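Fold and geometry: a report
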Amino acid sequence: MMSESEAQPQQGQMILTPFQIKKFEHLFHTLYDTHKDMTVSRQDFFELLKKTARIRQWKTGSPGYKKAAERLAGFWSALMTGNKRYRNNALQAHIKLDEWLQYWSDFVMAAYDEGDFPVKSCHRIAPVSYAWHTNFLEFLFELMDVSGDGVIDKSEFTNCFAEFSLSPEECGKAFDEMSKDGEIKKDEFAKLWYQYLTSTEESDPGNSLLGKLYTPAE
Ligand SMILES: [Ca+2]
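Residues numbered from 1 in each chain as written. Predicted model: local features only at pLDDT ≥ 70, side-chain atom pairs only at ≥ 80, totals over all residues.

The protein goes by EF-hand domain-containing protein in an unreviewed UniProt entry, where it is assigned to Owenia fusiformis.

Observations regarding the overall build of the protein
Within the protein, the secondary structure is distributed over nine helices and six strands. In summary, the protein has a C-alpha radius of gyration of 17 Å against a globular reference of 17 Å for 218 residues, a match within 12%. The principal-axis extent of the C-alpha atoms belonging to the protein is close to 55 × 40 × 35 Å. Looking at the protein as a whole, 27% of its 218 residues qualify as buried. (Helix = DSSP H or I, 4+ residues; strand = E, 2+ residues; numbered from the N terminus. Rg over C-alpha atoms; globule rule 2.2 N^0.38 Å. Buried ≥ 20, exposed ≤ 12 C-beta atoms within 10 Å, placed from the backbone.)

Section: helix H2 (residues 18-32)
Its 15 residues place the ends of H2 20 Å apart at the C-alpha level, agreeing with the 21 Å of an ideal helix rising 1.5 Å per residue. Among the residues making up H2, those that are buried are Gln 20, Lys 23, Phe 24, His 26 and Phe 28. Here the buried face of H2 lies against strand S1 (39-41), helix H5 (97-114) and helix H9 (186-198). (Expected span 1.5 Å × (residues − 1). Contact = placed C-beta atoms within 7 Å.)

Things to note about unusual backbone geometry
Omega for the bond connecting Phe 117 with Pro 118 falls within 30 degrees of zero, at -5°, which places this linkage in the cis form. Summarising the element assignment, Pro 118 is placed in the loop between H5 and strand S3 (121-122). Despite not being glycine, Met 38 has its phi angle at roughly 65°, a positive value. Mapped onto the elements, Met 38 comes out in the loop between H2 and S1.

What to know about the nonpolar core
Core analysis: the largest hydrophobic core is formed by 35 residues, its most contacted members being Trp 100, Phe 107, Val 108, Ala 110 and Phe 157. Elements supplying a minimum of two residues to this core: H2, H5, helix H6 (131-144), helix H7 (154-162), helix H8 (168-178) and H9. Looking at this core, the element that brings in the most residues is H5, giving eight residues. (Core = buried A, V, L, I, M, F, W, Y, C linked by C-beta atoms within 7 Å.)

Focus: the environment of Gly 82
Summarising the element assignment, Gly 82 is placed in helix H4 (residues 63-83). On the basis of neighbour count, Gly 82 is assigned to the buried category, with 21 C-beta atoms found within 10 Å. Once residues within four sequence positions are removed from consideration, Gly 82 is found in contact with Tyr 103, Val 128 and Ser 129.

Side note on the environment of Trp 58
With respect to the helices, strands and loops of the structure, Trp 58 is situated in the loop between helix H3 (42-56) and H4. Judged by the 18 C-beta atoms lying within 10 Å of it, Trp 58 is partly exposed. For the pair formed by Trp 58 and Ala 68, sequence separation is 10 residues and the distance between their alpha carbons is 9.8 Å. Dropping the residues within four chain positions of it, Trp 58 is found in contact with Ala 53, Gly 64 and Tyr 65.

Quick word on the packing of H3 against H4
Between H3 and H4, whose axes approach to 10 Å, the crossing angle comes to 150°. Classified by the angle between their axes, H3 and H4 sit roughly antiparallel to one another. The handedness of the crossing between H3 and H4 comes out as right-handed. Together, Arg 42, Phe 45, Leu 48, Leu 49, Thr 52, Ala 53 and Arg 56 of H3 and Gly 64, Tyr 65, Ala 68, Ala 69, Leu 72 and Trp 76 of H4 make up the contact between the two elements. Its residues placed into classes, the contact of H3 with H4 shows nine nonpolar, two polar and two charged. (Axes fitted to C-alpha atoms, helices over the stretch in contact; angles between N-to-C directions. Parallel < 35°, antiparallel > 145°, perpendicular 65-115°, else oblique. Left-handed = near helix turned anticlockwise from the far one by under 90°. Nonpolar A, V, L, I, M, F, W, Y, C, P; charged D, E, K, R; others polar.)

Digging into H5
Along an α-helix, a turn takes 3.6 residues, which lines up residues three or four apart on a common side. The end-to-end C-alpha distance of H5 is 25 Å, a good match for the 26 Å that 18 residues give at a rise of 1.5 Å each. Gly 115 sits one or two residues past H5 and shows a positive phi near 75°.

So, the environment of Asp 116
Looking at the secondary structure, you find Asp 116 in the loop between H5 and S3. In sequence terms Asp 116 and Ser 208 are 92 residues apart; their C-alpha atoms lie 20 Å from each other.

Okay, structure coming up:
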């Protein structure tokens, strides 16, 4: 019989199920690799800033734009710091898909350890902080809530994800699966993301967050 410590997966071990891998690939392609060069790089975060400015109609150099630029630069830097151990080349200034998946596999392991959102860090071998990601989700929520009433409605959701090439039909369908009352509150948004990032249950509503799952060409 294995002891508990022997049975536990270790950092660096791939624990994602095929369904979870599909979700993290979809996240990579939809929200992050907006340049479509199969890596996540600083360029993608510049692109995110442009999308942000368009969604909120912020002019370059306006206070909203400046704050968004600062926050996005912080997310990029924290992602690169946390992802360091997963990159083969220390000088590599971008993240490849396999490095991305291993990073998130350890995130999911930490999430299972903590059992709730926000997932703070993975302590199994060496600490990796995920605080940036919790802040990134807060950023996304605030970005979407154009009316500023503290909830996301269907048109706000659709307006935001149009920038990420999701069709209005796809957004409407995703929104209906996630919300019964026509709005998504901040705590509900966090819960949906937690499902997207960790759930192995295909029927969980959070899996609809980024529309239909991207299927790589066979
Ligand atoms: Ca709103």
